[in-house]
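Coordinate inspection notes
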Amino acid sequence: MTETTVTEPIVVEEQETRPRYAGQNVPRKEDKRLVQGEGVFFDDVKRHNMGYVHFVRSPYAHAKIRSVDVSKALEHPGVIGTLTGDEVALLTDPFFQISSPPGAHLKDFCLGVGKARFVGEPVAAVVANTRETARDAAELVEVDYEPLPAVTDARRALDDDAQILHDDAGTNLTWEGLYEWGDLDAAFAEADRVVKISELHFHRFNSTPLECNGALVEYNRGTGQWTLITNNQFPGFAAIMMGPAMRVGLDKLRFVTQDIGGGFGNKITSHPQLVACCLLARKLNRPVQWTEWRTDFHLSMSHGNERWFEDTEVAVKEDGTLLGFRTTALDDAGAWLRYEPLGGVIWAQVTPGMYRWRHIRLDFKQVVTNKAPVSPNRGYSRMQHLWFTERIIDIVAHELGLDPVEVRKRNYIRTDEMPYETPNGCVYDSGDYAKLLDTALELIGYDELDSRRADAESRGKLLGLGIGSTLDSGTNNFGQSRLINPELQFSGNNEVATVKLDIFGEIVVTLGTTPQGQSHETTAAQVVADILGCSIDDVNVRAGHDSYWNSHAGFSGTYASQFAVTGLGAVKGATDMLAEQMKKLACVVLGCSPEDIELAEGQARMKENPEAALPFMALGAIINANNAGLPEDLDVTLNCRYVYRPPFQPPDVERKYGNLTLTYAAQVHVAVVEVDPETGVYEIVDYAAVDDCGVRINPQVVEGQVMGATAQALGAATHETYTYDEDGNLLTPNFYDYHVPHALDMPPLKTGSVESASPFTSMGTKGMGEGGGAGIHAVCAALQDALRPRGNPIVFDSCNPYHSVWELLSDPESSRQRVTVESR
Amino acid sequence: MDVVTSQTIGVEVNGTTYEREVEARRLLIHLLRDDLDLTGSHIGCDTGNCGACSVILDRTLVKSCMVLAIQADGASIETVEGLAGEEQLTPLQQAFSDHHALQCGYCTPGMLMSATALLRENPKPSDEEIAKAIQGNICRCTGYWNIFEAIKAASE
Amino acid sequence: MLLSEVAYARPATLEQALGVLAEHPGARALAGGQTLVNVMKARAASPDVLVDLSGIPELKGIELGSDGTLELGPMTTYTELIGSSEARARPILGEVCAQIADVQVRNRGTIGGNVCASDPTNHLPPVMVAVGAEFRVSGTGGERTVPAEEFFLGVYMTAAGPGELLTKITIPPGRSDGFASVPIGVDGTCIVNAAASLNGGVRVVLGCVGATPVAVEPASADAEAVRDAVRDADLDPPSDVHASADYRRHLAEVVAARAVERAGKGS
Ligand SMILES: Cc1cc2nc3c(=O)[nH]c(=O)nc-3n(C[C@H](O)[C@H](O)[C@H](O)COP(=O)(O)OP(=O)(O)OC[C@H]3O[C@@H](n4cnc5c(N)ncnc54)[C@H](O)[C@@H]3O)c2cc1C
């Protein structure tokens with residue numbers, strides 16, 4: 001069902017003779033175990049005598065907790081113990097808050113203490129000898145709640161009569177920041193038209209990895225150390241949240257994982273539950289296992305940021321030249337700031353989107369509501385903002401009677417302007433946006449659009465085409481957190497890899513990352529094998545993550561589109577070091593200088609005399625087991641650790657200015673939809689996704705990410721939504737009501753690629769994988785295009801299930817009231 | 001007639017016979033994963049939607065979270081662990097790898113069981129039949145496109 | 001996941017099954033389990049005893065009478081029905097069953113369970129009412145026949161009361177049937193569905209618009225007549241995350257007309 005156009009792999013350096021793995025679709029190392037069911041996911045691991053954790057969850061969106069009585073639960077046969085909020089408040093400190101005040105004042109514990117703030121919030125935990133018994137006993141825990149009014153609409157959270165969630169903060173407005181760059185007054189003075197959009201809404205959803213969260217946690221009483229076999233995808237972050245809260249050093253927390261069943265950012269903020277498990281393992285002196293079920297996940301874990309764009313004004317010239325915009329972004333964080341308010345700055349990595357406007361003002365307000373806490377979700381915070389900028393393009397184009405393709409092309413940052421400094425100091429490294437669009441339009445058969453429209457019409461359908469684009473900015477400069485809170489002492493980024501040559505010549509690689517399907521074992525091996533001149537089969541990349549491997553730094557993990565830069569950068573760095581050492585050792589043994597040595601075919605050999613060669617095994621044996629007589633000053637360990645550190649400066653906090661990410665992969669997606677005007681039901685009948693992530697180490701892996709991100713976008717655009725009722729009950733707590741795409745829902749897909757190498761990374765790669773947001777907008781734009789003959793309704797929401805489309809069809813005017821155009 | 005709250009049952013899984021005492025309420029997936037340590041079959045939801053737990057029960061593809069373990073007494077069960085021979089992947093497993101039809105690999109065991117059941121009944125399925133056959137298996141990584149390709153390739 | 005404690009019996013005869021149900025007032029039949037197990041996972045209901053009907057031969061099987069009447073054992077799975085040549089005597093049955101959920105659910109789920117679940121979004125209740133099915137309900141005290149339109153009493157409630165079982169579904173002969181729906185995604189849960197039958201009159205039965213199927217009898221098979229009849233039925237459908245009541249009312253008209261149109265074509 002797919003047509004693939006894959007551009008040629010990277011050019012082999014001229015003097016190279018041996019085949020290179022980089023750029024090739026080498027088969028994945030991970031697959032053999034995974035297709036046989038031999039992967040090891042956290043829930044596959046068992047320990048003698050382990051207990052099962054079941055959380056008691058609040059049935060109320062907002063309630064005081066008067067008391068928690070666990071006595072009946074403790075009497076239940078098979079129960080091992082319990083944990084309550086009162087205990088937690090004694091045993092731990094609140095989690096560190098990223099926010100400046102008032103968000104800084106939140107007191108966030110691993111269980112609800114004194115209050116419950118969303119339906120599904122854990123307020124107590126029970127451990128029993130079977131999963132079923134743990135649940136039975138959890139039902140016996142008696143919690144005395146005093147229900148309070150719930151805040152469920154971010155736009156009402158700041159009303160005078162809105163219930164305050166966190167008395168410690170004293171307001172529901174937990175973070176606010178005004179961003180302004182350029183000269184807005186001048187831009188609006190220069191404009192021929194001002195397009196005003198009263199409200200756009202980016203909805204709440206997430207990527208619903210198929211495996212939910214969980215952990216098996218063991219406590220070692222002798223050393224005071226915990227081992228957490230867990231699928232948390234950012235252990236570096238979890239550790240710095242958990243250690244201080246638990247009043248222990250970070251090295252007391254060992255994070256171990258092999259296989260993770262998808263993450264997409266949604267497995268970053270499991271630290272509260274992990275703390276609860278640690279406390280239980282210590283208290284009960286037993287390994288404990290927590291398995292989060294699907295309903296638990298939907299109720300309580302990592303929703304994506306819901307955002308409203310209010311009172312947007314766009315300054316535009318008659319010909320569609322965009323000058324600037326101003327808007328207020330109102331972000332709904334849910335009940336807790338578990339990674340927030342970082343979403344309040346992450347969007348600024350892509351402030352102008354793909355466009356050349358220079359005058360931008362965005363007033364960001366984040367409020368807390370009685371819903372599940374938000375945290376990163378594939379495309380985190382940029383997706384919301386890019387959807388907004390793309391929405392502006394189509395609304396402006398349609399209202400001014402211009403062609404959305406032309407408006408895009410007129411305003412795209414041009415390839416000859418790269419590297420391009422955005423109004424807020426980010427540096428887009430490379431890219432050719434017009435080419436991406438042309439490629440996508442060609443794949444979709446844009447030339448035949450008119451005849452396809454006519455054909456659809458003859459079948460009673462409305463056909464529309466829409467474009468969406470995203471910039472998948474990768475490799476964060478964590479200094480951006482200072483724009484949120486100047487007190488924070490974070491900046492830059494890092495990732496670690498170790499590569500060693502072992503005694504029998506094995507090449508062993510460890511990574512600091514926590515892959516969840518991104519094929520790190522394979523792509524890392526490609527890089528290593530190329531540098532060492534050996535077969536990829538000889539490179540053993542350890543599966544998974546272990547924070548005791550010494551390949552772990554503060555920002556280790558797998559998140560935010562960075563492996564191809566940070567992870568592979570670390571792998572390359574460590575392997576270059578190892579290669580250097582291998583050459584050094586070989587020249588000592590062979591009696592020549594390092595320049596005379598090359599690594600090829602699993603040997604270190606003399607370039608001029610390939611007969612004079614040492615197999616890797618000999619090198620490994622000499623250093624590890626046969627080293628008498630080596631020169632004293634020979635600094636060779638054959639065990640190399642490299643910390644990749646991207647070249648960043650801390651941003652200017654005053655001006656909110658600086659480079660926030662290192663690379664900018666780009667995507668343009670085009671969707672064609674057919675709408676049944678009678679029902680609002682629509683089908684995506686054709687789809688093209690074109691991606692540019694610079695040099696691709698493994699094109700098939702890259703394309704896999706493009707496809708997966710696309711599918712998630714289509715789900716989000718059509719049916720996936722975390723919708724709450726007025727009382728704060730989640731209406732989509734499972735896969736019945738939260739409809740993710742199934743096989744029959746998928747449109748035919750055409751993929752293409754453009755390759756603009758990044759000038760800023762060691763291999764020309766760019767981080768990628770989060771570019772799906774393009775698809776959300778492509779569907780919105782296609783719907784707006786399709787519905788134009790029916791009164792020009794404005795698509796104002798990122799999620800458009802059938803009933804929304806029907807509402808646009810039956811009452812286009814009410815959507816149109818959101819938009820006005822002023823001529824100057 | 002007697003009713004039981006637990007019972008010793010016998011099942012044959014991938015050719016090996018097991019006897020276990022199970023509570024009547026225990027789901028088949030938990031028997032497989034927790035009691036028999038056959039952890040290849042996974043759990044991705046709690047409503048029978050996702051298909052990660054799909055196994056072949058007496059030659060019929062089922063979601064093992066929608067069957068009680070006690071109902072499987074006397075049954076013969078095939079799970080992902082039983083597909084490959086000692087060293088040899090099945091053509092379908094190989095095709096999944098060749099076509100990059102898996103990323104995180106969590107849905108893969110269930111997906112393979114659905115595809116295996118399909119190809120047994122219908123060795124040359126159409127595109128539509130392939131999509132229908134895996135409609136009950138959710139994958140959040142791949143968008144299914146490469147899975148179609150893999151199943152198609154294995155069917156040729 | 002994680003059900004409450006429950007007892008289990010797998011009777012070999014109908015008599016045994018009815019005996020267990022009579023003995024344990026909190027007992028419930030377990031057919032394919034594709035609804036009941038979910039209900040128990042959510043602990044929305046926790047029966048004391050599950051009476052597994054899968055070992056009772058007399059509840060299985062499909063028979064086609066010489067006059068075209070179909071007798072369906074309630075424990076017939078969707079897959080068995082789809083594959084049955086006898087069942088093709090009333091083609092709509094197989095066509096609709098093939099749209100229910102997915103292979104795995106169709107392999108376990110039963111037509112008896114589908115109607116006894118009386119879930120307003122299920123596919124078969126409106127179909128059964130449209131084709132004029134009759135349900136045999138048996139208890140220790142004897143058996144009776146209930147026409148489909150009287151069988152569905154409410155959400156998860158049917159004329160097969162406590163201690164009783166549905167033991168046979170009889171489908172009269174006929175061919176001109178049609179089904180239409182608006183599901184959430186292809187083959188997903190229905191937002192609204194409708195089954196129509198034109199066997200001597202026009203009969204359209206709507207699902208998802210009330211606790212039980214709603215039958216309307218338009219004056220003719222003309223689309224406008226059908227829509228008028230649906231409008232006149234004063235539907236009071238639920239509002240939820242997938243559809244407002246207004247949208248459901250609107251869809252009801254559309255799918256009713258489409259079901260009738262398909263029925264007209266399905267000779
Ligand atoms: C993922 C998923 C998606 C689904 N989607 C759909 C869909 O789109 N459309 C649809 O129609 N269905 C759908 N279903 C439900 C499915 O069709 C069920 O099979 C059906 O609703 C119940 O049939 P069962 O045989 O599984 O019955 P069970 O779940 O075993 O029983 C259902 C109820 O009926 C009672 N019962 C069963 N048999 C008898 C009998 N003979 N006499 C008296 N009472 C009896 C039981 O006690 C129970 O209360 C879906 C199910 C799943 C898991």
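If you're wondering where the values come from, they're calculated on a predicted model, not measured in any experiment. Within every chain, residues take consecutive numbers counted from 1 along the sequence as written. Going through the entries in the order they are written, you letter the chains from A and number the ligands from 1. Restriction of local features to residues with pLDDT of at least 70 applies here, the model being predicted, together with a cutoff of 80 or more for giving and counting side-chain atom pairs; totals for whole chains, interfaces and linings are based on all residues. In computing side-chain properties, one takes all heavy atoms of the structure into account and sets aside hydrogens as well as water.

Structural notes on the sheet that holds strand β24 (residues 597–600) of chain A
Residue and element names in this part refer to chain A. Put simply, the rule reads: Pairing between strands is defined by DSSP: at least two bridges between the two strands are required. Only runs of H or I of at least four residues qualify as helices and only runs of E of at least two qualify as strands under DSSP, and these elements are numbered from the N terminus. Axis definition: a line fitted to C-alpha atoms, limited for helices to the stretch in contact. Angles are taken between N-to-C directions and run from 0 to 180 degrees.
With respect to topology, 3 strands assemble into an open sheet ordered β24-β25-β26, the strand pairing being antiparallel. Edge positions in the open sheet fall to β24 and β26 (613–615), since each of these has one partner strand only. Adjacent strand axes in the sheet meet at a mean angle of 20° when their direction is disregarded. In this structure, β24 lies alongside strand β25 (residues 603–606), joined through 4 bridges in antiparallel fashion. The residue of β25 that forms the bridge with Glu598 is Arg605.

What about the interface of chain A and chain C?
The test is simple: By the convention used here, residues are in contact when the closest approach between their heavy atoms is within 4.5 Å. Buried area counts how much accessible surface, traced with a 1.4 Å probe, disappears from two parts once they are put together, with both parts' losses summed. By definition, a salt bridge exists where a carboxyl oxygen of Asp or Glu is found within 4 Å of a side-chain nitrogen of Lys or Arg.
Each partner contributes to the interface: chain A provides 24 residues, whereas chain C provides 28 residues. When chain A packs against chain C, the two sides together hide about 2200 Å² of surface, and 56% of this comes from carbon and sulfur. Counting across the interface, chain A meets chain C through 5 salt bridges. Taking the shortest distance from any N to any O, the salt bridge between Arg43 of chain C and Glu139 of chain A comes out at 3.3 Å.

Describing the site of the ligand
Put simply, the rule reads: If even one non-hydrogen atom of a residue comes within 4 Å of a molecule or strand, that residue is called near it. Under the rule applied, a polar contact is a pair of N or O atoms within 3.5 Å (in protein, one hydrogen donor and one hydrogen acceptor; residues adjacent in sequence only if both atoms are side-chain atoms). Areas reported here follow the Shrake-Rupley algorithm with a probe of radius 1.4 Å; residue values treat only the protein chains shown as occluding.
Around the ligand sit 31 residues, and of these Ala29, Thr35, Leu36, Tyr78 and Thr110 of chain C come closest. One chain alone does not account for the residues near the ligand; they come from chains A, B and C. At 2.9 Å, a side-chain N or O of Asn114 of chain C approaches an oxygen atom of the ligand. Between His123 of chain C and the ligand, the recorded distance is 2.7 Å, taken from a backbone N or O atom to an oxygen atom. Contact with the protein chains hides 94% of the accessible area of the ligand, taken as 960 Å² for the molecule alone. Residue assignment for the shell around the ligand shows that the elements contributing at least two residues are β2 (27–30), α2 (36–41), α6 (111–117) and β10 (165–171) of chain C. Considering each element in turn, the shell around the ligand owes the most residues, 4 residues, to α6 of chain C.

Re empty space enclosed by the protein
Residue and element names in this part refer to chain A. Note the threshold: We place a 1 Å grid over just the protein atoms. Points where a 1.4 Å probe fits but has no way out form a cavity, open points with protein on both sides within 12 Å along at least 5 of 7 lines form a pocket, and any residue with an atom within 4 Å of a point lines it. Grid points are joined across faces, edges and corners, and a volume is the space filled by probe spheres set on the points. Any residue outside Ala, Val, Leu, Ile, Met, Phe, Trp, Tyr, Cys, Pro, Asp, Glu, Lys and Arg is labelled polar, Gly included; the first ten of those are nonpolar and the last four are charged.
Following the criterion strictly, the structure yields 15 cavities of 30 Å³ or more and no others. There is about 630 Å³ of room inside the largest cavity. Gln518, Ser561, Gln705, Met768 and Gly769 are, among the 44 residues lining the largest cavity, the residues nearest its centre. Mapped onto the lining of the largest cavity, the elements with two or more residues apiece are α15 (520–532), α16 (563–590) and α18 (699–718). Tallied by class, the residues present in the lining of the largest cavity amount to 18 nonpolar, 21 polar and 5 charged.

Considering the interface of chain A and chain B
Contact residues are listed per partner, giving 55 residues for chain A and 54 residues for chain B. Each partner contributes to the roughly 4800 Å² buried at the junction of chain A and chain B, and carbon and sulfur atoms together form 56% of this total. Inspection of the chain A/chain B interface yields 7 salt bridges. Linking chain A with chain B are 25 residue pairs in polar contact (both at pLDDT 80 or more). The element best represented in the side of chain A that touches chain B is α18 of chain A, accounting for 9 residues. Across the side of chain A that touches chain B, the residue classes break down as 22 nonpolar, 21 polar and 12 charged.

Details of the side chain of Asp34 of chain B
Selection rule: Residue burial is assigned from relative accessible area. The probe radius is 1.4 Å, only protein chains are included, and a residue is buried under 20% of its type maximum, exposed over 50%, and partly exposed in between.
Take Asp34 of chain B: it is sitting in helix α1 (residues 28–35). By relative accessible area, which is 13% here, Asp34 of chain B ends up buried. Within polar-contact distance, the side chain of Asp34 of chain B engages the side chain of Arg131 of chain A at 2.6 Å. Discounting residues that sit within four places of it in the chain, Asp34 of chain B has contacts with Lys46, Tyr52 and Arg131 of chain A together with Arg26 of chain B.

Considering the domain arrangement of chain C
All names here are of chain C. For clarity, the threshold we go by: By convention here, the domain bounds are inherited from an automatic or database domain assignment.
With domains assigned, chain C is organised as domain 1 (7–52), domain 2 (61–171) and domain 3 (177–265). Look at where the C-alpha atoms of domain 1 and domain 2 centre, and you get two points 18 Å apart. Domain 1 puts 10 residues into the contact, and the matching count from domain 2 is 15 residues. By the criterion of area lost to domain 2, the three top residues of domain 1 are Leu18, Ala31 and Gln34, representing 44% of everything that side buries. Linking domain 1 with domain 2 are 0 salt bridges, by the criterion used here. Put simply, domain 1 and domain 2 have 0 residue pairs in polar contact (both at pLDDT 80 or more) between them. Element by element, the count of residues in the side of domain 1 that touches domain 2 is highest for helix α1 (residues 14–23), at 5 residues.

Focus: the layout of surface pockets
Roughly 1200 Å³ of volume is contained in the second largest pocket. Around the second largest pocket, the lining is made up of 48 residues, and of these Val681, Glu683 and Tyr802 of chain A together with Gly185 and Val186 of chain C lie nearest the centre. Elements that contribute at least two residues to the lining of the second largest pocket include exactly β28 (661–675), β29 (682–692) and α18 of chain A, α4 (127–133) of chain B together with β11 (177–183) and α10 (245–265) of chain C. Residue composition of the lining of the second largest pocket, grouped by class: 24 nonpolar, 11 polar and 13 charged.

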